[in-house]
Each structure stands twice: as structure tokens, then as C-alpha cells.
Amino acid sequence: MAKNVEDLKNYREALRGEKEALRTDINDIETSNYEVLKQIKEMELQLLEKNRASRGLSSTLLDVKKSLVRFVTEESSLNSEIDLLETEKGRIITTYDEMSHECGDNISNLGATILKIDFIKGELEALTSKIRMTEEKAGEEFRELDSLEEKLSWASKAFTELYNSMKGIEKGLKIKYYTKEQPWNRTTDS
């Protein structure tokens, strides 16, 4: 009987250690998620600025083409300007493609983070199951494990909410990504 009590105390201490390790992992994941979301926001702002600049350059290009029709005598100098604008437009499109690729990578990283959260949730469920078995064996001597089970249950619910939130963010990002204007859908006037 005393050995069982000592084993249960040791097991409880091991569970506390695992709980602290899980708490540290959760904090690390939350920090990583915050950084990824921050980077995504920055990239979205950059993407909006580049799209605005691209539209401005396309508008300028159209104006230049119209003035070419009216000012045939200035054709050579305007052709040079058009070449410059085309080069800038190509640079902006290349930058846009690179940013789209980075956004895709970030979405992939976000998916991997969600999988890690799922794994942690599974681990928490396994721990909850182990605690229930221990409570059945220990009986009334370890009533304080009830509060630990409540905390683990709360943590499991919190992870489920975090997982659902991350799924919502992932869905929102996918919707934003696939509804943005893609370079191959753009029409250019030449």
C-alpha cells in the first residue's frame, strides 16, 4: 500500500513535469504563431502597396500610349519611357510573385503549426485518460487530482478553441490568397 502511494506520488510529480513542459511548448507555439501572423500582415501590406504601384504604372503606361498617338513627333523619347515603365512593371510582377511564394510558404508553416497543435491536443487527451485510470486506482486518497483533471480539461478546451481559431485563420488566408489578383490572370495592354 505504501509503495502504491509512493508510486502515485512519483507519477503525480512526473505529470506535473510533463504539464510544465507542455505549457512551455504552448507558449513557444503561441509566440511562433504571433510572429507568423505578424509576417503575414506585413507581407499583405507590402503586397497591397505593390499592387497599387502596379496599377499606377499600368495607368501611366496607358497614358503614355495615348500620347504616342497624338504626338508622333516625340515617338522615340516616349518609346524609351515605355521601355523603362515595362521594366519597372516586370520588376514589380517579379516581386509580387516572390511575395506570393512567401505567403504560400507561410501558409504551409501555419498548417504545420496546426498539426503540432493537434498532436499536443492528442497528447493532452492521452494524459487525461491516464489521470482517469490513476483516479480509479487511488480512490479517495487523491481527490486533488480532480482539480488537475479540470485544469487538463480546460487546457484541452483551450487547445480545441485555438485549433478552431487557427483553422479559421487558415481558411481566411486561403480565401484571401486565392481571391487576390494572380499574375497569370492579369491583362496587359501592349
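Predicted, not measured: the structure shown is a model, and the values here were computed from it. (Residues numbered from 1 in each chain as written. Predicted model: local features only at pLDDT ≥ 70, side-chain atom pairs only at ≥ 80, totals over all residues. Heavy atoms only, no water.)

Visitor: Tell me about the overall build of the protein chain, and please be specific about residues and values.
Guide: Looking only at helices and strands, one finds three helices and zero strands in the protein chain. Listed by position from the N terminus, the elements making up the protein chain come as α-α-α. Residues classed as buried in the protein chain amount to 32% of the 190 residues present. (Helix = DSSP H or I, 4+ residues; strand = E, 2+ residues; numbered from the N terminus. Buried < 20%, exposed > 50% of the residue type's maximum accessible area, 1.4 Å probe, protein only.)

Visitor: Quick rundown of the layout of surface pockets? Include the residues and the values.
Guide: Estimated volume of the largest pocket: approximately 270 Å³. Forming the walls of the largest pocket are 14 residues, and the residues nearest its centre are Arg 23, Ile 26, Trp 154, Ala 155 and Phe 159. Contributing elements (two or more residues each) for the lining of the largest pocket: α1 (2-70) and α3 (144-179). The element that contributes the greatest number of residues to the lining of the largest pocket is α3, accounting for seven residues. (1 Å grid on protein atoms, 1.4 Å probe; cavity = no way out; pocket = protein on both sides within 12 Å on 5 of 7 lines; lining within 4 Å. Points joined across faces, edges and corners; volume = space filled by probe spheres on them.)

Visitor: Quick rundown of the nonpolar core? Include the residues and the values.
Guide: For soluble globular proteins, the rule of thumb is that nonpolar side chains tend to be buried together. Grouped together as the largest cluster of nonpolar side chains are 22 residues, with contacts concentrated most on Ile 117, Ile 120, Leu 124 and Phe 159. Elements with a minimum of two residues in this core: α1, α2 (75-138) and α3. (Core = buried A, V, L, I, M, F, W, Y, C linked by side-chain atoms within 4.5 Å.)

Visitor: Please give an account of the side chain of Asn 33 that cites residues and values.
Guide: For Asn 33, the location among the structural elements is in helix α1. Given the relative accessible area of 6%, Asn 33 is considered buried.

Visitor: Describe the pattern of salt bridges, listing the residues and the values that go with them.
Guide: By the definition in use, this model includes five salt bridges. Residue Glu 20 pairs with Arg 23 through a salt bridge whose shortest N-O separation is 2.7 Å. Residue Glu 20 and its partner Arg 23 are both found in helix α1; the two are separated by three residues, about one turn of the helix. A residue is classified by how much of its surface remains accessible, and Glu 20, at 43% relative accessible area, is partly exposed. Residues Lys 167 and Glu 170 are paired through a salt bridge, measuring 3.8 Å at the closest nitrogen-oxygen approach. Within this pair, Lys 167 and its partner Glu 170 are both found in helix α3, separated by three residues, close to a single helical turn. Residue Lys 167 is classed as partly exposed on the basis of its relative accessible area of 37%. Connected via shared salt-bridge partners are Lys 167, Glu 170 and Lys 174. (Salt bridge = Lys/Arg side-chain N within 4 Å of Asp/Glu carboxyl O.)

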